[in-house]
Structure formats: C-alpha cells, structure tokens
Amino acid sequence: MFRLWAKLFENQHLCRDTVIENDAVDLNRTRKIFSALDQVCYEFDLSKPIWLNSNISEFQKISKTRFNSDNFIDSFPYDFLEIQVIEED
C-alpha cells in the first residue's frame, strides 16, 4: 500500500488535507507519487505544481516537500501545499 498525505495551508493554518492511496503493483514509486499529486490537485482544484530542484532534493531525502506560489503558473492563494509519503510497499 502506498499512501500520500497532502495538506493545504492558508494564513499559517491547515485548511484542507487528504490522503491518497494507491494499491497498484505495476507502478514504480515515481509514478505513484505523480499519480497521487494529480489526484490531490484535482481534489483541491489546483493546477499541477512545477518540481523545482529544491523540491526534488528535499523529497528524495525525507519523502516530504512543500510547493508555494513559485511552483505554480496559475495564481496560488494559499501559503503552501505540502505532500508527504506516509506509507510505502
């Protein structure tokens, strides 16, 4: 079981969160992360964030990263979107 926790913060407060689960055995970790992030963006009605080098290196180290307005092409009225892998196969 793969589970990714996404949290959306506004004015330094958690305003929404969700956990995305993926049981697919034919997908590698990267594809599961991108698939979960797509679901999060759909659920929160956000555009897909751009992965900057800082996001990639942070996520590789601790399986957690934050996307702020610099990561989005569209307007992003929140402080940040945080994603974290909480369970892996």
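For the structure itself, consult the block above.
Residues numbered from 1 in each chain as written. Predicted model: local features only at pLDDT ≥ 70, side-chain atom pairs only at ≥ 80, totals over all residues. Heavy atoms only, no water.

(A) Structural detail: the overall build of the protein. Helix and strand counts for the protein stand at two helices and four strands. For the protein, the N- to C-terminal ordering of α and β elements is β-β-α-α-β-β. The globule rule puts the C-alpha radius of gyration for 89 residues at 12 Å, and the 13 Å found for the protein is close to it. Taking the principal axes of its C-alpha atoms as reference, the protein extends roughly 35 × 25 × 20 Å. Within the protein, the fraction of its 89 residues that count as buried is 35%. Here the analysis covers contacts within the protein between residues at least 6 apart in sequence; of these, 48% occur between residues at least 24 apart. Of the roughly 5600 Å² that the protein leaves accessible, carbon and sulfur atoms contribute 45%. (Helix = DSSP H or I, 4+ residues; strand = E, 2+ residues; numbered from the N terminus. Rg over C-alpha atoms; globule rule 2.2 N^0.38 Å. Buried < 20%, exposed > 50% of the residue type's maximum accessible area, 1.4 Å probe, protein only. Contact = heavy atoms within 4.5 Å. Areas by Shrake-Rupley, 256 points an atom, 1.4 Å probe, with all protein chains shown as cover.)

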